[in-house]
Amino acid sequence: MRIAAHSTIAASERALHSIADAPVGEPLRLPSNIRHLAGGAEAALAQVIISWAQKNHDGMLETFIDTREKIDDFVRRLPGLVAALCAVQASGKGTIGSIDTSLRNAALKRLEQLQSERPKQGYRGASAEILCADHLGRDRPYLLYLPQSGNGAALRPRENFRALADWLLRGAIRGAYRANVPTDAADAIGAMLYETFKNTEDHALSDIVGNLLDISIRAIKTNHHAIEPEKMARIVGEYKPLAKYCNTLTVPKGAIYTHLFELSILDSGPGFAVTWTGRSLKELSLDDEEAAVKACFGRGSAKGRSRFGEGLPHVMRLLGSQKGFLRLRTGRMSFYIDFSEEEQAAEVALRRHEQADLDFLAPVAGSLLTILIPIRRA
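Residues numbered from 1 in each chain as written. Predicted model: local features only at pLDDT ≥ 70, side-chain atom pairs only at ≥ 80, totals over all residues. Heavy atoms only, no water.

1. Looking at unusual backbone geometry
For step 1, the next point in the chain: Unlike most non-glycine residues, lysine 323 shows phi in positive territory, near 55°.
For step 2, the next point in the chain: Along the chain, lysine 323 turns up in the loop between helix 12 (311-322) and strand 7 (325-331). (Helix = DSSP H or I, 4+ residues; strand = E, 2+ residues; numbered from the N terminus.)

2. Details of the sheet that holds strand 8 (residues 333-338)
Pairing between the strands of a sheet is mediated by backbone hydrogen bonds and can be parallel or antiparallel.
For step 1, the next point in the chain: Spatial ordering of the open sheet is given by 4-5-6-10-7-8-9, a layout of seven strands whose pairing is antiparallel. Each having just a single partner strand, strand 4 (128-133) and strand 9 (351-352) make up the two edges of the open sheet.
For step 2, the next point in the chain: In this structure, strand 7 lies alongside strand 8, joined through six bridges in antiparallel fashion. If you follow phenylalanine 325 over to strand 8, its bridge partner there is aspartate 338.
For step 3, the next point in the chain: Contacts from helix 1 (residues 9-21) reach strand 7, strand 8 and strand 10 (364-374) within the one sheet, and its direction differs from that of strand 7 by about 5°. (Pairing = 2+ DSSP bridges. Contact = heavy atoms within 4.5 Å. Axes fitted to C-alpha atoms, helices over the stretch in contact; angles between N-to-C directions.)

3. Digging into the confidence of the model for the protein chain
For step 1, the next point in the chain: A residue-level look at the protein chain finds 94% of positions with pLDDT of 70 or above and a mean pLDDT of 90.
For step 2, the next point in the chain: Counting contacts from residues 300-304, a segment whose pLDDT is below 50, to residues more than four positions away or on other chains yields four contacts. (pLDDT = per-residue confidence, 0-100.)

4. Digging into the pattern of salt bridges
For step 1, the next point in the chain: Tallied over the entire structure, the rule returns 24 salt bridges.
For step 2, the next point in the chain: For glutamate 62, the salt bridge is made with arginine 29, and the minimal N-O distance between the two is 3.2 Å. Pair noted here: glutamate 62 is in strand 2 (residues 60-63) and arginine 29 is in strand 1 (residues 28-30), with a separation of 33 residues, a long-range link.
For step 3, the next point in the chain: With its nearest N and O atoms 3.0 Å apart, the salt bridge here joins lysine 294 to glutamate 290. You can see lysine 294 and its partner glutamate 290 sitting in helix 11 (residues 286-297), four residues apart, about one turn around the helix.
For step 4, the next point in the chain: Residue classification places lysine 294 among the partly exposed residues on the basis of a relative accessible area of 37%.
For step 5, the next point in the chain: Since its relative accessible area comes to 16%, glutamate 290 is described here as buried.
For step 6, the next point in the chain: One network of salt bridges, in which partners are shared, links Glu42, Arg77, Arg110, Arg124, Glu129 and Lys221. (Salt bridge = Lys/Arg side-chain N within 4 Å of Asp/Glu carboxyl O. Buried < 20%, exposed > 50% of the residue type's maximum accessible area, 1.4 Å probe, protein only.)

5. What to know about helix 1
For step 1, the next point in the chain: In this model, helix 1 (13 residues) spans 19 Å end to end at C-alpha, consistent with the 18 Å of a helix rising 1.5 Å per residue.
For step 2, the next point in the chain: Those residues of helix 1 that fall on the buried side of the exposure criterion are Ile9, Ala10, Ala11, Ser12, Glu13, Ala15, Leu16, His17 and Ile19.
For step 3, the next point in the chain: For helix 1, the elements touching its buried residues are helix 2 (41-55), helix 9 (240-246), strand 7, strand 8 and strand 10. (Expected span 1.5 Å × (residues − 1).)

And the structure:
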């Protein structure tokens, strides 16, 4: 199966559908020059690749790489890096043939850079990634974990995640826009990052019966999107909730583009509903799954807290005050919250999204949460 070069969120859903229908062993063809990755689409494509890899443990990754020099460029983007870390076999275009070893080595080299004390050297402009490849034993990036001691590395304390969130915001948002970053953004995002990575250690590294996953990726992705509202609305047009949201955005006075801060958090575990209920997706109806996701995501349930712990209410308040957008993809479900809608002010709740050109949404590996926050000019 082939990934579309224009890889929007809707295109990723179609790819997931193809993966679900394809026989085990079906190769994945990934373009080198992928476009239209705004609004969380880059992380969505990474989730597609992980879903393919978990189904095809020895599957073939087919690339359009035709020279050895292009291998480093391929792993510079999150989808290429994830594909190189997950695929056991990889081929290039033309006479280059097998690139298994060289592609994996390039990916490990970049991963080592991203997990080091100076990860910024591996970032692409305003785009940043923090990545764990647990199945390869590369699971303790410096920004998330304390340096290894005799008993192994431990997750950094909560206050370090607040500092990390502040650093990620300042790295992504520059110039005249940095001064208008909400004062509570680092506190809210840091709290959610901390709770999320605490949770992934408990629930995202193994399957429902406790077996370690053969393919396990956890990632944080940030970016600063500068784009005309109408152009972004066209790019994400097939994903109607986000297109509608983009049409509410306005260009700040004195600027050419609207500016959005993106934070995506990805894991490859069993997903919200399976973790919450202790039952496989096959044992759950769609209604059961939806109820479980909403209980797991929200609060006030019998289990007393959301999967994102105390960090989620902070982020929800931030998104509400800034009229942001949230997308959650897990299991066979896609949800969103558009905080620009006035009716959301009284009671914020996940809304389920169905894609018009698909009869159903295919199951996906793990969970992906993306938040978008408009940034105004000072």
